[in-house]
Amino acid sequence: MIEVYQHQVIPRLTKKNKAVAISTAVALSLIYVIRDRYFKPPKNIRHLPYQGYLDVFRSSITNEPYPDRAKRVLLPIIDSQSNNGIYVRLGRLGWEIHITNPEAVKKVFLKQDLFPKADALKGKENTLAAKFTNGPNLLFLNGSHWKTQRTIANPAFHRAQPIQLFGRMTQELFIKMESLGKTIDIPNLMQRWTLDIIGKAGFGFDFNAVKDDNSAWVKTYDIISDGMQDPLYFFFPILDQALLWLSPKRQAVHEEMRRFANMLSEVIKKKRQDIESGVQNDNLPENEKDVLTLLIESEQRGEGALTDEELRSNLHVLFVAGHDTTSNALSFALYYLAKHPEFQQRAREEALSILGDTPNDILPSSEQLKQMNYINQVIKETLRINGPAAQILPRRTQEDTVLAGAFIPKGSIVTVDLYNIHRSQKVWKDANQFNPERFAPKGESSQLAGEGMTWVPFGNGARQCVGMNFSLNEQRVLLSMMCKFSTPYAWRSA
Ligand code: HEM
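These figures come from a predicted structure and were not determined experimentally.

Trainee: Could you give an account of helix 10 (residues 216-229), with specific residues and numbers?
Mentor: Compared with an ideal rise of 1.5 Å per residue, which puts 14 residues at 20 Å, helix 10 spans 20 Å between its outermost C-alpha atoms and is within 8% of the ideal. Taken together, the buried positions of helix 10 are Val218, Thr220, Tyr221, Ile224, Ser225 and Gly227. Against the buried residues of helix 10 lie helix 6 (128-133), helix 9 (186-203), helix 12 (248-276) and helix 14 (308-322).

What follows is the structure, encoded as structure tokens:
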């Protein structure tokens, strides 16, 4: 095309027209290069279907909720005849390959050496989000350092099932609910309840979030959370780095972050002293001890030791990975039970048959929780249809490989698209319908066994969520007590 321009078009033009034509040619070439380079995936993965850049931009500027975007553009790609559960779209680390094909999902989860975590915080050093999440912790480490930590964390999380504590904190929640009148902001209350749980069960700290609307540490934590989610600093990390001096308001948020980290360091120091001097959590049974105590005690048991910096970094991760996740799961479970009174009634009948129908509160035991088959089905179906994690952290492929029949070059960013695998009509029948029967014995879920991985809200393989059972028990306690508490009234959405 440039040849035609040079030899045939330009010689026939007047001087003025020549200037215009040359500028136009340069501008068009530039647009072509920019479009090709930045608005399309790199050439080596352009054989895969992709969601266009402008479409992503449109979603961002119109604040389109993720489920709407998935329904409008992503699921039509995934569920089209020609697609095999793989597509590309822009993410935090650039163009990411999203997988919803159950066999390919299994490969990504089980072949950890081929798909280690990518450095998700590259270029974000010293931002508020990096200060909160970075460091030597389970969520972001790879290789032998991660393995050492996980070997210590697995038994600690296996022991940490403070079911009595969950029950007592649910009783406090009910007292609060009764003071709030007939209409209650459930997501807000679930946020506060799960924050109290992370504080108490994570490291023996009382945020007092449910009881006290003005709790000082809750305010600090909220300032940090809001600051981390501010899109301005997400798109322009330099404002948090070299240009931080420009905004005293933002500096104050960083200062809150520093205070919060110091508070956690103090808690760790005190906990170590208490354990060394024999003051251990008021002689609580193993399962009721907080995670921090169990992690520190692993040193005495010869299971391995974490440094103070590693402990602090992992306490930060308890917030990042274990707070909003469970709170959202519970809010959605209560929502779906409100929307479907028949399911709520069945869950209540189960709770009453196990916990008894006396008017007083009963704190469920771990044996009783195991009998709650239907409530468990409700929890699983909620995590399928609205799981709190939309995708896993991005992985970087270490070698050329094949996923869902497609060539994936070494160095590509790959992620499992949790939201869309759970909503794909190719995987689940009537995927948008809430139906706990899918998880009944011999239900749809068990029929899908053997077809790769289809239900993965907590991930899978060696990097599966270490807090999965902790969270499931939190949910079982709250939902069963809520069903019993609300007898004979049903709750519904306002
Ligand atoms: C409904 C609640 C939860 C959901 C849906 C959830 C989901 C997940 C998922 C999908 C992963 C895997 C991420 C990846 O592979 O990139 C993960 C990892 C993790 N989760 Fe959870 N999580 C929940 C609750 C919790 C809780 C309560 C805690 C802690 C108390 C926790 C701590 C962690 C940690 C530390 C990891 C990293 C594990 C590792 O890589 O070794 N999560 N979670």
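Trainee: Requested: an account of the sheet that holds strand 1 (residues 86-91), with residues and values cited.
Mentor: Spatially, the 4 strands line up as an open sheet ordered 1-2-6-3, and their pairing is mixed. At either end of the open sheet lies a strand with only one pairing partner, and these are strand 1 and strand 3 (395-396). In the sheet, strand 2 (residues 94-99) pairs with strand 6 (residues 413-416) via 4 bridges, with the strands oriented parallel. Its bridge partner lying in strand 6, Ile97 is registered against Val414. Across the sheet, helix 5 (residues 102-110) lies against strand 2, strand 3 and strand 6, angled at about 110° from strand 6, the strand it touches most.

Trainee: I'd like to hear about the pattern of salt bridges, residue by residue, with values.
Mentor: Summed over the entire model, instances satisfying the criterion amount to 25 salt bridges. Among the ionic pairs, Glu255 bridges to Arg258, the shortest N-O distance being 2.7 Å. Here the residue Glu255 and the residue Arg258 both occupy positions in helix 12, the gap between them amounting to 3 residues, near one helical turn. Asp290 is paired through a salt bridge with Lys271; the nearest N and O atoms lie 2.9 Å apart. Note that Asp290 is positioned in the loop between helix 12 and helix 13 (291-300) and Lys271 in helix 12, a separation of 19 residues in sequence. Overall, the relative accessible area of 3% leaves Asp290 in the buried class.

Trainee: Tell me about the pairing of strand 6, residues and numbers included.
Mentor: Burial along strand 6 is two-sided: Ile413 and Thr415 facing one way and Val414 and Val416 facing the other are all buried. For strand 3 and strand 6, the ladder comprises 2 bridges, and the chain directions are antiparallel. Bridging from a neighbouring strand, Arg396 pairs with Ile413 of strand 6.

Trainee: So, empty space enclosed by the protein: which residues are in play, and what are the values?
Mentor: Scanning the entire structure with this criterion turns up 1 cavity of 30 Å³ or more. Empty space within the largest cavity amounts to approximately 40 Å³. Around the largest cavity, the lining residues are Val108, Phe109, Gln112, Phe115, Arg395, Asn460 and Arg463.

Trainee: Hey, could you go over the side chain of Gln344 for me, with residue numbers and the actual values?
Mentor: Following the sequence through the fold, Gln344 ends up in helix 16 (residues 341-355). What makes Gln344 buried here is its relative accessible area of 1%. Once you skip the residues sitting within four places of it in the chain, Gln344 turns out to touch Leu337, Ala338, Ala490 and Trp491.

Trainee: Could you give an account of a nonpolar patch on the surface, naming the residues involved and the relevant values?
Mentor: Taken together, the side chains of Leu232, Phe234, Phe235, Phe236 and Ile238 define a hydrophobic patch exposed on the protein surface, amounting to about 480 Å² of accessible area. Within the fold, Phe234 resides in helix 11 (residues 231-235). With relative accessibility at 31%, the residue Phe234 sits in the partly exposed group.

Rules of the game
- Starting from 1, residues in each chain are numbered consecutively following that chain's sequence as written.
- Local features in this predicted model are restricted to residues of pLDDT 70 or higher, and side-chain atom pairs are both shown and tallied only at a pLDDT of 80 or more, whereas totals for entire chains, interfaces and linings draw on every residue.
- Side-chain numbers here rest on the full set of heavy atoms in the structure, without hydrogens or water.
- Numbering of helices and strands runs from the N terminus; a helix is a DSSP stretch of H or I covering at least four residues, while a strand is a stretch of E covering at least two.
- The span expected for a helix works out to 1.5 Å for each residue beyond the first.
- Buried, partly exposed and exposed residues are distinguished by accessible area as a fraction of the type maximum, computed with a 1.4 Å probe on protein chains only: under 20%, between the cut-offs, and over 50%, respectively.
- In what follows, residue pairs with any heavy atoms lying within 4.5 Å of each other are defined as contacts.
- Only when DSSP finds a minimum of two bridges between them are two strands counted as paired.
- All axes are obtained by fitting lines to C-alpha atoms, using only the stretch in contact for helices, and the reported angles, taken between N-to-C directions, cover 0 to 180 degrees.
- What counts as a salt bridge is simple: a side-chain nitrogen of Lys or Arg found within 4 Å of a carboxyl oxygen of Asp or Glu.
- Think of a 1 Å grid over just the protein atoms. A cavity is a set of points where a 1.4 Å probe fits yet cannot get out, a pocket is an open set with protein on both sides within 12 Å along at least five of seven lines, and lining residues have an atom within 4 Å of a point.
- Grid points are joined across faces, edges and corners, and a volume is the space filled by probe spheres set on the points.
- Patches here: salt-bridge-free residues with over 30% relative accessible area, like charges joined within 9 Å, nonpolar side chains (Val, Leu, Ile, Met, Phe, Trp, Tyr) joined within 5 Å.
- The Shrake-Rupley method, run with a 1.4 Å probe, gives the accessible areas here. Residue values count only the displayed protein chains as cover.

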